[in-house]
Amino acid sequence: MSSSIRISLDYSVIQYAAYVGAWRQIEAIKRNAANGRTSPRTGWQYNIDGAMAEAAVATWLGVWWDGGPHKFKEQPDIVTPSGGYEIRANGSPHGDLILTDRDSPDAIYILVLTAEAPIYELCGWTKGEDGMTGRWKRKPRADFAPAHFVPQDELNDMATLPGYQAPTDVPF
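Structural notes, computed from the coordinates.

About the criteria used
- Residues numbered from 1 in each chain as written.
- Predicted model: local features only at pLDDT ≥ 70, side-chain atom pairs only at ≥ 80, totals over all residues.
- Heavy atoms only, no water.
- Core = buried A, V, L, I, M, F, W, Y, C linked by side-chain atoms within 4.5 Å.
- Buried < 20%, exposed > 50% of the residue type's maximum accessible area, 1.4 Å probe, protein only.
- Helix = DSSP H or I, 4+ residues; strand = E, 2+ residues; numbered from the N terminus.
- Contact = heavy atoms within 4.5 Å.
- Pairing = 2+ DSSP bridges.
- Axes fitted to C-alpha atoms, helices over the stretch in contact; angles between N-to-C directions.

## Here we look at the nonpolar core
By size, the foremost hydrophobic cluster in this structure holds 26 residues, and its most contacted members are Ile110 and Leu161. Looking at this core, the elements that each hand over two or more residues are α1 (11-31), α3 (40-61), β3 (83-90), β5 (108-116) and β6 (119-127). Among the elements that make up this core, the one with the highest residue count is α3 (nine residues). What Ile110 contacts, discounting residues up to four positions off in sequence, is Val57, Tyr85, Glu86, Ile87, Arg88, Leu97, Gly124, Trp125, Met158 and Leu161. Within the second largest apolar cluster, 11 residues are counted, among which are Leu113, Cys123, Trp136 and Val150.

## A look at the sheet that holds β6
Strand order in this open sheet of five strands is β1-β6-β5-β3-β2, and the pairing throughout is mixed. What marks the edges here is a single partner per strand, and that holds for β1 (5-8) and β2 (78-80). Here the average twist between neighbouring strands, direction ignored, is 30 degrees. Across seven bridges, the pairing between β5 and β6 is antiparallel. Bridged to Tyr109 within β6 is Thr126.

## Concerning the pairing of β5
The buried fraction of β5 amounts to seven of the nine residues, a majority that puts the element mostly inside the structure. Between β5 and β6, which pair antiparallel one after the other, the connecting turn spans two residues.

## What to know about the environment of Met158
Counting through the fold element by element, Met158 comes out in the segment after β8 (147-150). With a relative accessible area of 0%, Met158 lands in the buried category. Considered as a pair, Met158 and Leu122 are 36 residues apart in the sequence and their alpha carbons are 7.4 Å apart. When neighbours within four sequence positions are excluded, Met158 is seen to be in contact with Ser3, Ile5, Trp60, Ile110, Leu122, Cys123, Gly124 and Trp125.

In structure tokens:
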């Protein structure tokens, strides 16, 4: 079971992340990607929430985040000197970390709840292979592909995140 971490984003970070999310949605529409074509309203929310979640994790880790759509699937959502992390946003306060069969079993995934802006809740993490065992696989709706819904209480504590080092203040 994990204990969550609440991060309050500065409004300038929220504004930038909203811009990044809109940019991603426009790129998805241009590529005729599924999240841009099948449900434009959901796509906008998906991309903006995802960008906000990434900004929250980067803030907690104390690392730079540019969030650009140019890196889609080319590198992890958050890159640190010790590795990278994939971020999953969920707008429900009791939402699960959702993995698909296309996700990497080797990646580390972090769940961030996005329902209470400007507060974002980092709920925990799992390695892909641990979340995709089939134990939590289901098809919630007819129009959704089956996915792995890892419950929050099955996630690892954020304090045990591999490669995590608490940021240190740098005097100016």
